[in-house]
Amino acid sequence: MSRFDGKVALITGAASAVEGELMGFGGRAAWRMLREGGSVVIADIADERGEKSVAQMRDAGLDAAYLHLDVTSEGDWSAAVNATVSQFGRLDILINVPGTSDRDSIINTDADTWQTVMDVSSRGMFLGSKTVAPTMQKSGGGAIVNVASMAARYGGQYGAAYSSSRAAIVAFGGSAAVQFAPMGIRVNSVLPGWTHTPFTDALFNDSDASQTRINRTPLKRWGEPEEIAAGILFLCSDDASFITGTELVIDGGVTAALQ
Ligand SMILES: NC(=O)c1ccc[n+]([C@@H]2O[C@H](COP(=O)([O-])OP(=O)(O)OC[C@H]3O[C@@H](n4cnc5c(N)ncnc54)[C@H](O)[C@@H]3O)[C@@H](O)[C@H]2O)c1
């Protein structure tokens, strides 16, 4: 008996799951959930990469599908949930991974950039939770894990929209946990630290920027996407059956050192 036998998961922002290439959190979580007995729908806007990932999973005999889903689109969410249920018959788990970042100071950031960053994080998470919850309830309950960031916990010289949007994910998780508890749905957030994925590849390969991050991390290294996926899957599993409305920080000690 595996942890996710019979479970169906929708994982957004998981297109980077091609074996032999750099994977993201969602990609790693997808492979691991499939190998632990689950069925997985990968949803993203990076369609070519997502299709390639799913082709590899199916070649490996695993039960995966790919869907185009822009998390800011309410219509895309409805279509994705309907397609998941018509193919797999149920929906037990939602893992929300997408994010985008602003790379300048508050003064130099325009309102459109601010809105895009907020929309991908907070509008996406809101629409996703709202759309999946009734279907999860019909499946007997479930688990939602939203990927935020340790950046929800501190300020910096750039990325004010990013930090704000990530803090919104954490705050939303509290309300969703309270409102969805009677539906048998748990909601939690994961706050990763610096981890080598496609999202951070440029920083990782810039030796000064990379070393600065290693110096600020008590464990003195970058995280691996597998280490974030392990936390995400724990929160999705029955091992976390009494955990809801909380945050799991996986950052090698960065935020502990700030306190
Ligand atoms: N890598 C890190 O160090 C780190 C640390 C903390 C938080 N995060 C957060 O983790 C998340 C995942 O990043 P990752 O590191 O796994 O990299 P990743 O590049 O694999 O994941 C991001 C994915 O989101 C998708 N995406 C972007 N906009 C979308 C939209 N509107 N609709 C659907 N999909 C969309 C991208 O196509 C991409 O596949 C991001 O939200 C990032 O903010 C990353």
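Higher on the page you've got the structure.
Residues numbered from 1 in each chain as written. Predicted model: local features only at pLDDT ≥ 70, side-chain atom pairs only at ≥ 80, totals over all residues.

Participant: Before we go on, may I ask you to explain the overall build of the chain in this structure?
Facilitator: Summing up its helical and strand segments, the chain has nine helices and seven strands in all. Taken over the C-alpha trace, the chain has a radius of gyration of 17 Å; the compact-globule value for 259 residues is 18 Å, and the two agree within 12%. Viewed in the frame of its principal axes, the chain has a C-alpha envelope of about 50 × 40 × 35 Å. Expressed as a percentage of contacts within the chain between residues at least 6 apart in sequence, the contacts between residues at least 24 apart total 74%. (Helix = DSSP H or I, 4+ residues; strand = E, 2+ residues; numbered from the N terminus. Rg over C-alpha atoms; globule rule 2.2 N^0.38 Å. Contact = placed C-beta atoms within 7 Å.)

Participant: Would you mind showing me how to read the sheet that holds strand β5 (residues 142–147) here?
Facilitator: Strands pair in a sheet through their backbones, by hydrogen bonds, and they do so in one of two ways: parallel or antiparallel. Pairing is parallel in the open sheet, where seven strands are placed in the order β3-β2-β1-β4-β5-β6-β7. Of all strands in the sheet, those with a lone pairing partner are β3 (64–68) and β7 (247–250), marking the two edges. Strand-to-strand, the axes of this sheet are offset by a mean angle of 20°, without reference to chain direction. The strands that helix α5 (residues 160–180) touches are β5, β6 (185–192) and β7; relative to β6, the one it contacts most, it runs at about 165°. (Pairing = 2+ DSSP bridges. Axes fitted to C-alpha atoms, helices over the stretch in contact; angles between N-to-C directions.)

Participant: Explain the packing of helix α1 (residues 25–35) against helix α8 (residues 225–236) here, please?
Facilitator: Two numbers describe a pair of packed helices, the interaxial angle and the distance between the axes. With their axes 8 Å apart at the nearest point, α1 and α8 run at an angle of 60° to one another. Here α1 is positioned oblique relative to α8, judged by the angle of their axes. Crossing hand, α1 versus α8: right-handed. Contacts from Phe25, Arg28, Ala29, Arg32 and Met33 of α1 reach α8 at Pro225, Glu226, Ile228, Ala229, Ile232 and Leu233. Tallied by class, the residues present in the contact of α1 with α8 amount to eight nonpolar, no polar and three charged. (Parallel < 35°, antiparallel > 145°, perpendicular 65-115°, else oblique. Left-handed = near helix turned anticlockwise from the far one by under 90°. Nonpolar A, V, L, I, M, F, W, Y, C, P; charged D, E, K, R; others polar.)

Participant: Got a minute to help me understand the nonpolar core in this structure?
Facilitator: Among soluble globular proteins, nonpolar side chains are generally buried collectively. With 68 residues, the main nonpolar core has Ile11, Ala29, Ala30, Ile42, Ile95 and Ile232 as its most contacted residues. With seven residues, helix α4 (residues 111–138) is the single largest residue contributor to this core. Apart from the residues lying within four places of it in its own chain, the contact partners of Ile232 are Phe25, Ala29, Ile95, Val145 and Val190. (Core = buried A, V, L, I, M, F, W, Y, C linked by C-beta atoms within 7 Å. Buried ≥ 20, exposed ≤ 12 C-beta atoms within 10 Å, placed from the backbone.)

Participant: Just to check I follow, could you spell out the site of the ligand for this structure?
Facilitator: Surrounding the ligand, one finds 28 residues, the nearest of these being Gly13, Gly24, Gly99, Thr197 and Phe199. By residue class, the composition of the shell around the ligand is 14 nonpolar, twelve polar and two charged. (Near = placed C-beta within 6 Å.)

Participant: Is there a simple way to think about the pairing of strand β4 (residues 93–96) in this case?
Facilitator: Regular strands have side chains that alternate between both faces of the sheet. Of the two faces of β4, the one lined by Ile93 and Ile95 and the one lined by Leu94 and Asn96 are each fully buried. Here strand β1 (residues 8–12) pairs with β4 via four bridges, running parallel. Following the sheet pairing, Thr12 is matched in β4 by Asn96. Where β4 lies against β5, four bridges are found, and the strand directions are parallel. When the sheet's bridge partners are listed, Leu94 is paired in β5 with Ile144. In this region the chain leaves β4, passes through α4 and returns to the parallel neighbour β5; the handedness of that crossover is right-handed. (Right-handed = clockwise from strand over helix to strand, strands pointing away.)

Participant: For this particular structure, what's the right way to read unusual backbone geometry?
Facilitator: Where the residue is not glycine, phi is negative for most of them; where a peptide bond is considered, it is trans in most cases. Despite not being glycine, Lys220 has its phi angle at roughly 60°, a positive value. Looking at where Lys220 falls in the secondary structure, it is placed in the loop between α7 (207–216) and α8. Given 10 C-beta atoms within 10 Å, Lys220 falls into the exposed group.

Participant: I would appreciate a short explanation of α5 in the present structure.
Facilitator: Quick reminder: α-helices carry 3.6 residues per turn. Residues three or four places apart thus point the same way. If you check α5, its first and last C-alpha atoms are 30 Å apart, about what 21 residues at 1.5 Å a residue would give, namely 30 Å. Summarising the contacts, the buried residues of α5 are in contact with α4, β5, β6 and β7. (Expected span 1.5 Å × (residues − 1).)

Participant: How should the packing of α4 against α5 be read in this particular structure?
Facilitator: Where α4 meets α5, the axes come as close as 9 Å, and the angle between the chain directions of the two elements is 15°. The orientation of α4 relative to α5 falls into the category roughly parallel. Once α4 is placed against α5, the crossing between them reads as right-handed. Where α4 approaches α5, its residues Thr113, Trp114, Val117, Met118, Ser121, Ser122, Met125, Phe126, Ser129 and Ala133 are matched on the opposing element by Ala161, Tyr162, Ser165, Arg166, Ala168, Ile169, Phe172, Ala176 and Phe180. By residue class, the composition of the contact of α4 with α5 is 13 nonpolar, five polar and one charged.

Participant: Help me out: how do you make sense of α1 in this one?
Facilitator: Most of α1 is tucked away, with nine of its eleven residues classed as buried. Where α1 is concerned, the buried positions are Phe25, Gly26, Gly27, Arg28, Ala29, Ala30, Trp31, Met33 and Leu34. Positive phi appears at Gly37, one or two residues downstream of α1, with a value of about 100°.

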